[in-house]
Amino acid sequence: MSDWTNCVTSPDVDTEGFRSLAYPVHRASTIVFPDAQAYAGRHERGLDGYTYGLSGTPTVRALEQKISALEGGGKTLLVPSGQAASALAILSFIKGGDRLLIADSAYPPIRDFAQHDLQRMGVEVAFYDPTAPEKLENLIDERTRMIWVESPGSTTMEVQDVPRICAIAHKAGVLVGCDNTWATPLHFKPLAHGADIVVEALTKYFAGHSDALMGSITLADPENAKTVRATLNRFGIGVSPDECSLVLRGIETMAVRLDYASRTAAKLAELFSAHPLVDNVLYPPLKNSPGHEIWQRDFSGASAVFSVVFKTPAIAHVSAALDALKTISIGASWGGTRSLVAPMPVKQHRTARPWTGDDLVLRISVGLEDAADLEADVQRLLNVLATHATEDAIAS
Ligand SMILES: *Cc1c(COP(=O)(O)O)cnc(C)c1O
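Residues numbered from 1 in each chain as written. Predicted model: local features only at pLDDT ≥ 70, side-chain atom pairs only at ≥ 80, totals over all residues. Heavy atoms only, no water.

Enquirer: What should I look at first to understand the state of the cysteines in this one?
Expert: By definition, a disulfide is the covalent link that joins the sulfur atoms of two cysteine residues. Tallying each qualifying case throughout the model produces zero disulfides. No disulfide involves Cys178; its sulfur sits 7.8 Å from the nearest other cysteine sulfur, which is in Cys166. A residue is classified by how much of its surface remains accessible, and Cys178, at 0% relative accessible area, is buried. (Disulfide = S-S within 2.5 Å. Buried < 20%, exposed > 50% of the residue type's maximum accessible area, 1.4 Å probe, protein only.)

And the structure:
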């Protein structure tokens, strides 16, 4: 063989005796076939087969199958972000003239997607009160195609009654999709509670190190998975095997990370709850958190994200208090090893169940730092609030 040809072909290295605990990264834009007949029949290879790089290599399949196992069945497809997972899970099934019901507490960018792209395409979008599943029956009509659930809700943490919602939906032939990012399938399995579709922002606890973005769509019915795969192929959406290897690595430690971080989160939530300037701590394991009983009934654990609602005298000083933090960083994409806070405006994202607390809610994602360092940081934040609030009271 000439040098030029040698340069572009790979040697057939013997892999006999090579066994590694690490899953290899298989990169491919194209798949080659042993003969013309195999090429002609490539579309019969099914969802797990290999036809083209975009629809997956063995590394992608390994991650898909691992997530399917955690979700408790079905077929999983991967997309470049959590937002893409929700948007494409909906887009694959909805058409102009259909009606879509979205929980009022859903991740705000998915609201945005529905109100812009879906409405532009003629989909009727309605929001529902996540704490009142009994009202859903009246919102469902013959055009309703899907109910979108997120439990607990983004920032405001309402735990939804997924089994009840699914029973209502299925009686009317409506699909239920659920964003399960907060709980992860380690703590809640939406498919086992009746959902047809579950999405995860793998960016968060699965990848777990604030260095990768990805999303998964798992479908209870493999026929529905075919529908989503076809949509992804038409849009040209796939994921990189290199990124999959980061997520595969992240999953290996997900259970211990969640276990440790949720125990620290419980301590910090307590510290906030006990403070006189705190109105409420929204965290499903706490009795005062909306849907606490449903969380106790349906979930097997908590993750480490909770929200703090302050009393009025503290609100003006939250920015100054955040600037005093030393260990906790200010940022949005949670679920990594480092603790984060993000001040979240809530009112503008509520239409079905108006938010009655202060507009500003502080969302906290607890990471893997030493609990004592984090407690000291939270104490620093609370001290700044208390000092400023006292000064205001004296001045007035
Ligand atoms: C972060 C998040 C997403 C989006 O994930 P990205 O990968 O950042 O797009 C979706 N849903 C929930 C509940 C999230 O917290």
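Next comes the rest of the account.
Enquirer: Can you help me understand the environment of Ala126 in this one?
Expert: Along the chain, Ala126 falls in strand β3 (residues 124-128). By relative accessible area, which is 13% here, Ala126 ends up buried. In this structure, the C-alpha to C-alpha distance between Ala126 and Ala352, residues 226 residues apart in sequence, is 8.6 Å. Non-local contacts of Ala126, meaning those with residues more than four positions away in its chain, are made with Arg99, Leu100, Leu101 and Ile102. (Helix = DSSP H or I, 4+ residues; strand = E, 2+ residues; numbered from the N terminus. Contact = heavy atoms within 4.5 Å.)

Enquirer: For this particular structure, what's the right way to read the sheet that holds strand β12 (residues 360-365)?
Expert: One open sheet holds the five strands; their spatial order is β8-β9-β12-β11-β10, and the pairing between them is mixed. Because the sheet does not close on itself, it has two edges, and the strands there are β8 (278-282) and β10 (329-330). Inspection of the sheet shows β10 paired to strand β11 (residues 340-345) by two bridges, in the parallel sense. Counterpart to Ser329 in the pairing with β11 is Leu340. Strands in contact with helix α10 (residues 241-273) are β8, β9 (305-310) and β12; relative to β9, the strand with the most contacts, it is inclined by about 5°. (Pairing = 2+ DSSP bridges. Axes fitted to C-alpha atoms, helices over the stretch in contact; angles between N-to-C directions.)

Enquirer: Got a minute to help me understand the site of the ligand in this structure?
Expert: What surrounds the ligand is a group of 13 residues, the closest being Gly82, Gln83, Asp179, Thr203 and Lys204. Asp179 is positioned such that a nitrogen or oxygen atom in its side chain is 2.6 Å from a nitrogen atom of the ligand. In the environment of the ligand, an oxygen atom lies 2.5 Å from a nitrogen or oxygen atom belonging to the side chain of Thr203. For the ligand, whose unbound accessible area comes to 380 Å², protein coverage reaches 91%. Here the residues of the shell around the ligand sort into four nonpolar, six polar and three charged. (Near = heavy atom within 4 Å. Polar contact = N/O pair within 3.5 Å; in protein donor to acceptor, adjacent residues only side chain to side chain. Areas by Shrake-Rupley, 256 points an atom, 1.4 Å probe, with all protein chains shown as cover. Nonpolar A, V, L, I, M, F, W, Y, C, P; charged D, E, K, R; others polar.)

Enquirer: Mind showing me how you'd approach the sheet that holds strand β7 (residues 215-219) here?
Expert: By definition, the strands of a sheet pair up through backbone hydrogen bonds, in either a parallel or an antiparallel sense. What the seven strands build is an open sheet, ordered β1-β7-β6-β5-β4-β2-β3; its pairing is mixed. The two strands at the open ends of the sheet, each matched to only one other strand, are β1 (75-79) and β3. The sheet shows a mean angle of 20° between the axes of neighbouring strands, taken without regard to direction. The pairing of strand β4 (residues 144-150) with strand β5 (residues 175-179) spans five bridges and is classified as parallel. Bridge pairing in β5 places Met146 opposite Leu175. Across the sheet, helix α4 (residues 82-91) is in contact with β1, β2 (99-103), β4, β5, β6 (197-201) and β7; its angle to β6 comes to roughly 160°.

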